[in-house]
Amino acid sequence: MARSIIRPLMALGILILAATGVHAQETGKDAIRQSVESKRFVFKPQSAQPLSGPSRQLTTDWDMTVLNDSLIAYLPYFGRAFTPVNPSSGGIN
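So, a few notes on the structure that sits alongside this text. If you're wondering where the values come from, they're calculated on a predicted model, not measured in any experiment.

A short note on the overall build of the protein
(1) Moving on: Counting its regular elements, the protein contains two helices and five strands.
(2) Moving on: Overall, the protein shows an N-to-C arrangement of helices and strands of α-α-β-β-β-β-β.
(3) Moving on: Across the 93 residues of the protein, 17% fall into the buried class.
(4) Moving on: Within the protein, contacts between residues at least 6 apart in sequence are counted, and of these 33% link residues at least 24 apart.

Focus on the environment of Ser-35
(1) Moving on: Among the structural elements, Ser-35 can be located in helix 2 (residues 29-38).
(2) Moving on: When its relative accessible area of 28% is taken as the criterion, Ser-35 is described as partly exposed.
(3) Moving on: C-alpha separation for the pair Ser-35 and Val-66, spaced 31 residues apart in sequence, amounts to 9.8 Å.
(4) Moving on: Residues in contact with Ser-35, not counting those within four places in the same chain, are Arg-40 and Phe-41.

A word on the pairing of strand 5 (residues 70-74)
Each regular strand displays side chains that alternate between the two surfaces of the sheet.
(1) Moving on: As defined by bridge partners, strand 4 (residues 63-67) adjoins strand 5 across five bridges and the pair is classed as antiparallel. Among the inter-strand pairings, Met-64 is bridged to a residue of strand 5, identified as Ala-73.
(2) Moving on: Where strand 4 folds back onto strand 5 in an antiparallel hairpin, the turn is made up of two residues, including Asn-68, whose phi is positive at roughly 50°.

Description of the sheet that holds strand 1 (residues 40-43)
For sheets, the rule is that strands pair by backbone hydrogen bonds, running either parallel or antiparallel.
(1) Moving on: The strand order 1-4-5 describes an open sheet built from three strands, whose pairing is antiparallel. Both outer strands of the open sheet, strand 1 and strand 5, are each paired with one neighbouring strand and no more. On average, adjacent strands in this sheet sit at an angle of 10° to one another, irrespective of strand direction.
(2) Moving on: Relative to strand 4, strand 1 runs antiparallel, the two sharing four bridges. Within the sheet, the bridge partner assigned to Phe-43 lies in strand 4 and is Met-64.

Points about the pattern of salt bridges
(1) Moving on: In the structure shown here, the tally under the stated rule is three salt bridges.
(2) Moving on: Look at the salt bridges and you will find they share partners, linking Lys-44, Asp-61 and Asp-63 into a network.

Remarks on the side chain of Thr-65
(1) Moving on: Tracing the chain through its elements places Thr-65 in strand 4.
(2) Moving on: With residues near it in sequence (within four places) discarded, Thr-65 still touches Phe-41, Val-42, Ser-70, Leu-71 and Ile-72.

Basis of the calculations
- Residues numbered from 1 in each chain as written.
- Predicted model: local features only at pLDDT ≥ 70, side-chain atom pairs only at ≥ 80, totals over all residues.
- Heavy atoms only, no water.
- Helix = DSSP H or I, 4+ residues; strand = E, 2+ residues; numbered from the N terminus.
- Buried < 20%, exposed > 50% of the residue type's maximum accessible area, 1.4 Å probe, protein only.
- Contact = heavy atoms within 4.5 Å.
- Pairing = 2+ DSSP bridges.
- Axes fitted to C-alpha atoms, helices over the stretch in contact; angles between N-to-C directions.
- Salt bridge = Lys/Arg side-chain N within 4 Å of Asp/Glu carboxyl O.

Following this line, the structure appears as structure tokens:
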């Protein structure tokens, strides 16, 4: 059970780190620091690096929103589902 949750969390961490590096170059480290400290920001990934297979460019408008103590995620999922999943709901909601 714990193993099935570790891989998606690792992939999410990789996505966040990759996007933060690109965003840092565009807006500057201070602007990112202020957004994170205010606990209000939106993360919009442009590509994903699954644990197996090549990097993928994302064409759908995926995002993850942080608002104070809430995390709202609409992110892709690359992996194996052990419970039935509604394919029209996207990845991680």
